[in-house]
Amino acid sequence: MPGQHSEVTAAGIARLAGVGRAAVSNWRRRYDHFPRPIGGTATSPTFSLPEVEQWLREQGKLAEVPLRERLWQLVGDDPAGAAAALARTGEQYLAQSAATEGPALARAAAALAAEEGPAPAYEFLLARHLDAGARQLTLTPPETAALMAALAGPAESVLDPACGPCTLLAAARTAAGAPPGELYGQETDPVLARLGSLRLALRGTTTVQVRGGDTLLADAFPGLAVDAVLCHPPFNERNWGHDQLTYDPRWEYGLPARTESELAWVQHALARLRPGGTAVVLMPPAAASRRTGRRVRAALLRRGALRAVVALPAGAAPPHSLALHLWVLRRPGAEPAADPRLLVVDTATAHRAAGRAPLDWPALHRTVLDAWLAFDRDGDVAERPGIHRALPVIDLLDDEVDLAPGRHLPPPASATGAAGLAAVREDLRDTLRRTHDLAPGPGRADPAEGAHWSTVTIGELARTGALEIHPPPGAPAPAAGDVLVPLLLQGATTRVIGAEEPAPAAPDRHTCLLRPDPGALDPWFLAGFLRATANTRQAGSYASSSTRVDVRRLKVPRLPLAAQRRYGRRFRDLAAFEAALDHAADLGRRLIQGTVDGLTGGTLPPGD
């Protein structure tokens, strides 16, 4: 009967054994005693998991898989699908069921909950599930979610009308201050709504209501009034219900144009707030200046409903190529402000990432929150050129009603003045000299010994105690000597945490932390070989829409520590060269733009 035993696909068998799918196909052809399929289809058969594990164990092919990874394999290979298996696991945790018999999935889930706790165990599985479907989903990064929750401030009740897997509501639950007693969410995808609801329930919130359905066309909470609304709505929707909702009472500030779905979400957020309540909405930058939305923007300003517009750096949230905005809104009370002002904050330039470096989220949070808290308290804030400014609303009510922060902030004087540009130029000269010194030489003409190397996988090194593998989420904060390995082939590169670096935050959900034993492995040697194109290609998994690296399948040569250190020194020199090139490119861009701004702004003479 279905559900009486656990099944596994050929891809799952490959993960259990730490091999590619081609090896599994080869075993099926070569060995008559390989387990027979018990389900699936002719092209995608499934096998009995206990039988497969027994066969692999007898053949000495069963890889030692950490409990986390084993549970994720069972979830991913469940015949009902990963989402259904994840929902069952969440309900098992919510019921505090500690299965000691029955399906392997339930037993493994109970074991991980006993080891880590139900909520962290479920959070790990949910993060893996969302990562597998990242290209089909628009997810709010946790750092952006935390900033939005902090801007909203303490609240007893919070609503997210486009909640997805409830990332924003979870951020509100963990924000500073007393956690909300009531969390409400609505999501068009019923599967995501179910998974998100379990996520919140496992965190212990008193009231959790997450419902399915289209919020704009079928609001699940029409009479609700909450303290705060957090929302990352879908962008650029054309079929959001413009014709059906022409006379909807939510359009208090004007009927949004058909091409302005984001302004419909803004007004829905305001309609669900109690007087004085705060909404924080993630918006595309075009919403601040499109002509089709200028009347609604003007009405929001006149009524004092729109309080701040914050420009984030590119990469803060998908689509990562755009510098998205945060709109902070407040439902007006009975008395309108006598001299309403709008706070504009621009972090898109000041806090943009240099080269391949990640965004400095702590600094970005401080910049935004310091400006907002001062403005919210006093109704005004001292101007910081290039960073923030409080604008009289009357100055914005022209034919355009353009709210883009960058258009209302003069560049910092230090960026366009002669002294500041001279300092940048000198820094650039020093950096270029350093890149020349660091550039790698051609090396010897005779070939290295690499063609005859014996290699070992990361999984084997972990089993021997030569290193520790800490997959996301839940990995510890990196320490000096740790190696950070990106799990997606596109994006960042493998790197070593240096002793001189400030303490970095815990790795994100696309990064695995390796902690090598310095008596067995040189970290620079490890990072250099893990970065090799051939290595990442052979360890990549192409089973989902995103190409993910299986860290345990990455390989390094078996070399004595002294030889490792020779390679490590060369890889460390290359990393320094790369960092210097990135820094030089950033300085060059700053010098060019600062000179252009100085010439056009009158702070620099053209010269002869």
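Residues numbered from 1 in each chain as written. Predicted model: local features only at pLDDT ≥ 70, side-chain atom pairs only at ≥ 80, totals over all residues. Heavy atoms only, no water.

Colleague: Help me out: how do you make sense of the overall build of the protein chain in this one?
Modeller: The number of helices and strands found in the protein chain is 19 helices and 20 strands. For a compact globule of 608 residues, the expected C-alpha radius of gyration is about 25 Å, and the protein chain comes in at 28 Å, within 12% of that figure. Taking all 608 residues of the protein chain together, 48% fall into the buried category. When contacts within the protein chain are restricted to residue pairs at least 6 apart in sequence, long-range pairs at least 24 apart make up 73% of them. (Helix = DSSP H or I, 4+ residues; strand = E, 2+ residues; numbered from the N terminus. Rg over C-alpha atoms; globule rule 2.2 N^0.38 Å. Buried < 20%, exposed > 50% of the residue type's maximum accessible area, 1.4 Å probe, protein only. Contact = heavy atoms within 4.5 Å.)

Colleague: Looking at this structure, how should I read the sheet that holds strand β10 (residues 325–330)?
Modeller: Within a sheet, adjacent strands bond to each other through the backbone by hydrogen bonds, running parallel or antiparallel. Here 9 strands make up an open sheet; going across it, the order is β6-β5-β4-β7-β8-β10-β9-β11-β12 and the pairing mixed. Strands with a single pairing partner mark the edges of an open sheet, and in this sheet they are β6 (207–212) and β12 (388–392). With strand direction ignored, the average angle separating the axes of adjacent strands in the sheet is 15°. Two elements, strand β9 (residues 306–311) and strand β11 (residues 341–346), share 4 bridges in a ladder whose sense is parallel. What sits directly across from Val-309, in β11, is Val-344. Its contacts with the sheet place helix α8 (residues 142–152) against β7 (226–231), β8 (273–283) and β10, and it is angled at close to 155° to β8. Across the face of the sheet, helix α10 (residues 190–201) comes into contact with β5 (182–187) and β6 while running at roughly 175° to β6. (Pairing = 2+ DSSP bridges. Axes fitted to C-alpha atoms, helices over the stretch in contact; angles between N-to-C directions.)

Colleague: Can you walk me through the nonpolar core in this structure?
Modeller: Among soluble globular proteins, nonpolar side chains are generally buried collectively. If you look at the biggest cluster of nonpolar residues, it comprises 45 residues, and the most contacted ones within it are Leu-147, Leu-151, Val-158, Leu-230, Leu-312, Leu-326 and Leu-343. Among the elements that make up this core, the one with the highest residue count is helix α13 (residues 361–378) (8 residues). Once residues lying within four places of it in the same chain are set aside, the contact partners of Leu-147 are Leu-312, Leu-326, Leu-364, His-365, Val-368 and Leu-369. If you look at the next biggest cluster of nonpolar residues, it comprises 44 residues, including Val-266, Leu-270, Ala-279 and Val-296. (Core = buried A, V, L, I, M, F, W, Y, C linked by side-chain atoms within 4.5 Å.)

Colleague: Explanation requested: the packing of helix α4 (residues 67–76) against helix α5 (residues 82–94) in the structure shown.
Modeller: In helix packing, the relevant descriptors are the interaxial angle and the interaxial distance, both defined with respect to the helix axes. The N-to-C vectors of α4 and α5 enclose an angle of 125°; their axes lie 7 Å apart at closest approach. By the criterion of interaxial angle, the relationship of α4 to α5 is oblique. Contacts between α4 and α5 involve Leu-71, Val-75 and Gly-76 from the first element and Ala-82, Ala-85, Leu-86 and Tyr-93 from the second. Residue composition of the contact of α4 with α5, grouped by class: 6 nonpolar, 1 polar and no charged. (Parallel < 35°, antiparallel > 145°, perpendicular 65-115°, else oblique. Nonpolar A, V, L, I, M, F, W, Y, C, P; charged D, E, K, R; others polar.)

So yeah, pure geometry; function would need other evidence.
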